[in-house]
Amino acid sequence: EIEAKYWEKMQIQRDDLHSRKKMEICEVEERKNSHINELMRNHEKVFNDIKNYYEDINHQNTAHNSLLKEEMEEMTERENRWKKERAEVLLQYKQLKETLDLTQEEVADLQKKLIRYDFDKEALKNAKGHLKITQKELKDLQWEHEVLVQRFSKVQAERDELYKRFTKAIYEVQQKTGFKNLLLERKLKGFHSILERKEAELSEILAASNLDPSTRSVVTQKLEDVLNSKDTTIKDLQLQLARLCKAHNDMLQAFKGKLAAFGIPLDNLGFKPLERPELGQ
């Protein structure tokens with residue numbers, strides 16, 4: 001009974017120990033699994049950190065390479081720009097040197113002019129005095145100009161009126177002188193034709209009458225007296241015609257002078273005045 005009792009206790013103790021062993025094994029396995037999982041998580045985290053670190057390094061290297069490439073291009077462009085600027089600076093230097101030479105020449109000229117500064121200053125003082133006088137004269141001239149402008153307007157109106165009257169008068173005088181000259185020319189032609197006809201008739205009469213020389217001389221003398229009288233009349237008519245032509249031409253010249261004095265071109269008349277030729281021209 002004691003053996004059975006302790007055997008039962010031993011079995012119970014064994015079962016209890018076996019259960020405790022299982023529990024401890026489960027706990028150990030759980031702790032082991034938990035530790036394994038934690039280690040895996042830690043390893044994965046470290047791996048991800050390392051991976052991210054190297055990816056960041058690669059990204060930084062790529063960005064750094066791009067930056068270096070951009071800096072290289074910028075430095076190349078800057079070098080080209082510097083070369084261009086250097087060429088421009090050299091050109092500017094050359095131009096500035098030429099400008100410096102010209103400036104030095106101008107400085108020499110200015111130094112020469114500086115010597116004459118006192119004389120120029122005195123001349124400027126005198127010029128200012130003359131300027132004041134000239135300004136006063138200018139004001140007087142402006143006042144005279146205004147007066148002359150008003151007088152010019154008045155004279156221009158009178159000129160227009162005289163132009164109208166003179167044009168009308170020249171038409172009338174041209175008509176009258178032309179009519180008189182035409183009458184005188186026709187009279188002169190008539191006298192010439194009458195004279196020729198009378199001479200022909202006289203020659204026929206003398207040839208047909210068979211007069212003695214004394215009678216013929218008397219008749220011839222009377223005829224010469226009549227012809228002389230007619231010649232005198234013709235000369236008087238020619239003289240009148242010459243006087244009328246000269247008066248017409250003189251009046252035309254005076255008219256042209258007036259037109260020139262008033263500044264009116266001869267073409268504005270609308271007709272061309274006719275100069276009458278004098279006798280014998």
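Above this note sits the structure.
Residues numbered from 1 in each chain as written. Predicted model: local features only at pLDDT ≥ 70, side-chain atom pairs only at ≥ 80, totals over all residues. Heavy atoms only, no water.

1. Remarks on the overall build of the protein chain
Our working rule: Numbering of helices and strands runs from the N terminus; a helix is a DSSP stretch of H or I covering at least four residues, while a strand is a stretch of E covering at least two. Burial classes: relative accessible area under 20% of the type maximum marks a residue as buried, over 50% as exposed, and values in between as partly exposed (1.4 Å probe, protein chains only). Whether two residues touch is decided by their heavy atoms; if any such pair falls within 4.5 Å, the residues are in contact. Only the protein chains shown count as cover for residues, with accessible areas throughout obtained via the Shrake-Rupley method and a probe of 1.4 Å.
A tally of helices and strands in the protein chain yields three helices and zero strands. Burial status across the protein chain gives 8% buried among its 281 residues. Contacts in the protein chain between residues far apart in sequence, at least 24 positions, make up 75% of those at least 6 positions apart. Put simply, the protein chain shows about 24,400 Å² of open surface, and 57% of that area lies on carbon and sulfur atoms.

2. Some details on the packing of aromatic side chains
What counts here: Classification of ring pairs rests on two measures: the distance between centres of Phe, Tyr or Trp rings, Trp counted by its six-membered ring, which must be within 6.5 Å, and the angle between planes, read as stacked under 30 degrees, edge-to-face over 60 and tilted in between. Two conditions define a charge located above a ring, namely a distance within 6 Å from the ring centre to NZ of Lys or CZ of Arg, and an angle within 35 degrees of the ring normal.
Scanning all chains against the criterion turns up one aromatic pair. Geometrically, the ring pair formed by Tyr53 and Tyr54 is edge-to-face, given 5.4 Å between the ring centres and 75° between the ring planes. The positively charged end of Lys9 is found above the aromatic ring belonging to Tyr6, 5.1 Å away from the centroid.

3. A few points about a nonpolar patch on the surface
Worth spelling out the cut-off: Without a salt bridge and with relative accessible area above 30%, a residue can belong to a patch; like charges are then joined within 9 Å and nonpolar side chains (Val, Leu, Ile, Met, Phe, Trp, Tyr) within 5 Å. Basic side-chain nitrogens of Lys or Arg form a salt bridge, by our definition, when they fall within 4 Å of a carboxyl oxygen of Asp or Glu.
Residues Val46, Ile50, Tyr53 and Tyr54 make up a contiguous nonpolar surface patch of about 420 Å² in total accessible area. Following the sequence through the fold, Tyr53 ends up in helix 1 (residues 2–115).

4. Quick word on a negative patch on the surface
The condition is simple: A positive count includes Lys and Arg, and a negative count includes Asp and Glu. His and the chain ends are not counted in either. We put the charge of a Lys on NZ, of an Arg on CZ, of an Asp on CG and of a Glu on CD.
On the surface, Glu98, Asp101, Glu105, Glu106 and Asp109 cluster together into a patch of negative charge. Position of Glu106 among the secondary structure elements: in helix 1. Residue classification places Glu106 among the partly exposed residues on the basis of a relative accessible area of 48%.

5. Examining the pattern of salt bridges
Evaluation of the coordinates by the stated rule reveals three salt bridges. A salt bridge links Arg31 to Glu27, with the nearest nitrogen and oxygen atoms 4.0 Å apart. Remark: Glu27 and Arg31 occur in helix 1; sequence separation between them is four residues, near one turn of the helix. The class of Glu27 is partly exposed, set by a relative accessible area of 40%. Notably, a salt bridge pairs Arg78 with Glu74, separated by 3.0 Å at the nearest N-O pair. Residue Arg78 and its partner Glu74 are both found in helix 1; the two are separated by four residues, about one turn of the helix.

6. Regarding the environment of Leu237
One can find Leu237 in helix 3 (residues 213–261). Take Leu237: its relative accessible area is 14%, and that puts it in the buried class. In this structure the C-alpha to C-alpha distance between Leu237 and Leu188, which are 49 residues apart in sequence, comes to 7.5 Å. Setting aside its immediate chain neighbours within four residues, Leu237 contacts Leu184 and Phe191.

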